[in-house]
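Here's the letter readout for the chains.
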Amino acid sequence: MKISVYNSLNKQLEELSPVRENEVKMYSCGPTVYNYAHIGNMRSFLFADLVQRVLRVVGKYDVSWVMNITDIDDKTIRDSAKNSPAWLNDMGEQTDEPKDNLKKLTEFYQDSFLDDIGKLGIDVEHFFALPCATDFIDEMQELIRKIHKNGYAYISEGSVYFDVNKWRKDDVYGKLFKIDFDNFRAGSRVDSDEYEKENASDFVLWKALKENEPFWEFEIDGVSCPGRPGWHIECSAMEYELFGLPFDIHTGGIDLKFPHHEDEIAQSKAGYGIEPTKYWLHNEFLEVEGEKMSKSAGNFFTLRDLESKGIDPLDIRFSMLSAHYSTKFNFTFQGIESAKKARKRVQDFIYDLLESDNKDGDNVDVEKVKLNIFEELANDFHTPKALAGLFGLINSTNPKSVSESSRIELLALMNDINHIFGIWDFGERPIEIIDIPAEITELAAQRWNAKAERNFQLADELRKAIDEKGYIIKDTKTEYEIIKK
Ligand code: AMP
Ligand code: ZN
């Protein structure tokens, strides 16, 4: 089936036409591993996972998916520094070597990131690569040299900057994001990785060594510039090395359009002569009370925060997939509760289908439902409409009274849908463990004691009280069992 995507570059819905016929190469900006990712970050990774699943299952493409790990940038350096408060006891001892400290911190959070996405149903097997930026320093340096050689970069005080004004004479800066150049001052420079569009200026490709920071040797145009890469150059170099240019799809949250992705486009074209990708896909924010969830706003939850409140990560996955990626997603606990119920409804439908042994029930037009659901997914990953189709089916079908052939077709359909949503189980229905209230266990214990003391009248009264509260006691000689009626 043909897939349509909203391309942020051309600001329109476009039919996907990959560079190579049946193959899609997709790059997703991954986590910055200086701390636990919050579930706002997770929305962007879940979106990328949805895209690659729809491409494989609905589009029948052979997908190569790369997500980079940003293990060097302003934040990882800041938090790996000696005496920074970010160090946890279980991360091990700090050393006097900044590079070792950086590695320790980032490996720790990379592992926790992989744990988290696994719990959220993102299968690491689906990645073609999960490259760390620090493994591609040579390639980044090579690209910086190319940009410099082509005349679009300059060296200043040991750092290398991208010359935006020079670039604007030959190409466009502001393809993803309209930039007002009225306040743009030629030669003004920004060293930090993140900045607002109002501060558009020459951005840093390579940062000069600062005391007590990790660094790599770098020689450019005969000048020695020990230091470390800027954040934006990392993705440009890794995409080129892992995929070649152009590749097909690039994903990320909308906050990355500027400066990160805008700078990526400029760097790749200025250095390699080719724009990185054909389709740019950006997910909207996850918000809390109308504000973007972020570390800096302090309004964030990590996955482990929510797990400690008894929330199943797969209910988080389902709740996020229930909204379209291009709309803001308001995180609430009530929303997670509704998602949990809705997910269970589908799960029960699957178990009912698996358990049904009805031979001659009604026939269901499964093919029609499947086509409708797949078309919605192929239309810019419209999960809410696909789920509306699924619940339409569930609400109008009694799984215990469908014909055997429809039952088998329905199970196959649910399996296909699960290849996209990745949250339902096709094994045996687990036995529900019911929590017996403390009040009942207390009464039952008192009854058992009364029996042991041969006070049968009290034991009978207690049994009756337990019965009235909806529970039954079953005795053997040596123990008793409490059953919910
Ligand atoms: P970072 O680890 O900060 O580099 O961010 C990783 C990804 O999370 C990027 O694609 C961001 O755009 C995305 N992101 C950050 N905050 C949010 C949010 N509140 N909602 C959705 N995506 C987000
Ligand atoms: Zn990136």
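Conventions used here
- Residues numbered from 1 in each chain as written.
- Chains lettered and ligands numbered in written order.
- Predicted model: local features only at pLDDT ≥ 70, side-chain atom pairs only at ≥ 80, totals over all residues.
- Heavy atoms only, no water.
- Helix = DSSP H or I, 4+ residues; strand = E, 2+ residues; numbered from the N terminus.
- Buried < 20%, exposed > 50% of the residue type's maximum accessible area, 1.4 Å probe, protein only.
- Contact = heavy atoms within 4.5 Å.
- Areas by Shrake-Rupley, 256 points an atom, 1.4 Å probe, with all protein chains shown as cover.
- Lys, Arg positive; Asp, Glu negative; His and termini not counted.
- Charge placed at Lys NZ, Arg CZ, Asp CG, Glu CD.
- Pairing = 2+ DSSP bridges.
- Near = heavy atom within 4 Å.
- Polar contact = N/O pair within 3.5 Å; in protein donor to acceptor, adjacent residues only side chain to side chain.
- Nonpolar A, V, L, I, M, F, W, Y, C, P; charged D, E, K, R; others polar.
- Expected span 1.5 Å × (residues − 1).
- Arc of directions from axis to C-beta.
- Donors = N, O, S within 2.8 Å, 3.2 Å for Na, K, Ca; no water.

S.K.: Just to check I follow, could you spell out the overall build of the protein for this structure?
M.R.: Within the protein, the regular secondary structure consists of 15 helices and 19 strands. Seen through its C-alpha atoms, the protein measures out along the principal axes to roughly 95 × 55 × 35 Å. When the 485 residues of the protein are sorted by exposure, 53% land in the buried category. Contacts in the protein between residues far apart in sequence, at least 24 positions, make up 73% of those at least 6 positions apart. For the protein, the exposed area adds up to about 22,800 Å²; of that, 47% sits on carbon and sulfur atoms. Seen as two clouds, the 60 positive and the 88 negative side-chain charges of the protein have centres 3 Å apart.

S.K.: How do you make sense of the sheet that holds strand β15 (residues 286-288) when you look at a structure like this?
M.R.: Either a parallel or an antiparallel arrangement is found when strands of a sheet pair, and the pairing is made through backbone hydrogen bonds. What the three strands build is an open sheet, ordered β16-β15-β17; its pairing is mixed. Lying at the two open borders of the sheet, with one neighbouring strand each, are β16 (291-292) and β17 (329-330). In the sheet, β15 pairs with β16 via two bridges, with the strands oriented antiparallel. Among the inter-strand pairings, Val 288 is bridged to a residue of β16, identified as Glu 291.

S.K.: Is there a simple way to think about the side chain of Ser 403 in this case?
M.R.: Inspection of the secondary structure assignment puts Ser 403 in the loop between α12 (383-396) and α13 (404-421). Those residues in contact with Ser 403 that lie beyond four places of it in its chain are Lys 359, Gly 361, Asp 362 and Asn 363.

S.K.: In this structure, what is going on with the site of ligand 1? I would like to understand it.
M.R.: Around ligand 1, a shell composed of 18 residues is seen, among which Thr 32, Gly 40, Asp 255, Leu 286 and Met 293 lie nearest. In this structure, a nitrogen atom belonging to ligand 1 sits 3.0 Å away from a main-chain N or O atom of Gly 40. Within the side chain of Asn 41, a nitrogen or oxygen atom sits 3.2 Å from an oxygen atom of ligand 1. Protein chains shield 92% of the accessible area of ligand 1, which is 500 Å² for the free molecule. For the shell around ligand 1, the element with the most residues is helix α1 (residues 39-57), which contributes four residues. Partitioned by chemical class, the residues of the shell around ligand 1 number six nonpolar, nine polar and three charged.

S.K.: Would you take a moment to explain helix α15 (residues 456-468) for this structure?
M.R.: For an α-helix, 3.6 residues make a turn, and residues three or four places apart therefore share a direction. The first and last C-alpha atoms of α15 sit 18 Å apart over 13 residues, in line with the 18 Å expected at 1.5 Å per residue. Among the residues of α15, Ala 459, Leu 462 and Ile 466 are the ones counted as buried. Taken end-on, α15 shows its buried residues confined to a sector of 65°, consistent with a single buried face. Counted as exposed and oriented over 90 degrees from the buried face of α15: Gln 457, Asp 460, Lys 464 and Glu 468. Close packing links the buried residues of α15 with α14 (438-452) and β18 (471-475). Looking one or two residues past α15, Gly 470 carries a phi angle of roughly 95°, positive in sign.

S.K.: Would you mind showing me how to read the pairing of strand β19 (residues 480-484) here?
M.R.: Side chains on a regular strand alternate between the two faces of the sheet. Examined bridge by bridge, β18 and β19 share five bridges and lie antiparallel to one another. Bridge pairing in β19 links Lys 474 to Glu 481. In textbook terms, the turn of a hairpin is the stretch between consecutive antiparallel strands, and for β18 and β19 this stretch comprises four residues.

S.K.: Honestly, the coordination of the zinc ion (ligand 2) in this entry has me stumped. Any pointers?
M.R.: In ideal tetrahedral geometry, four donors around a metal make angles of 109.5 degrees, whereas ideal octahedral geometry with six donors gives angles of 90 or 180 degrees. With distances of 2.1 to 2.2 Å, the protein atoms coordinating the zinc ion (ligand 2) are Cys 29 (SG), Cys 235 (SG) and His 260 (NE2). Classification of Cys 29 as buried rests on a relative accessible area of 7%. For His 260, a relative accessible area of 1% corresponds to the buried category.

S.K.: Can you walk me through helix α9 (residues 313-321) in this structure?
M.R.: With respect to burial, α9 is a largely interior element, eight of its nine residues being buried. The set of residues buried in α9 consists of Pro 313, Asp 315, Ile 316, Arg 317, Phe 318, Ser 319, Met 320 and Leu 321.

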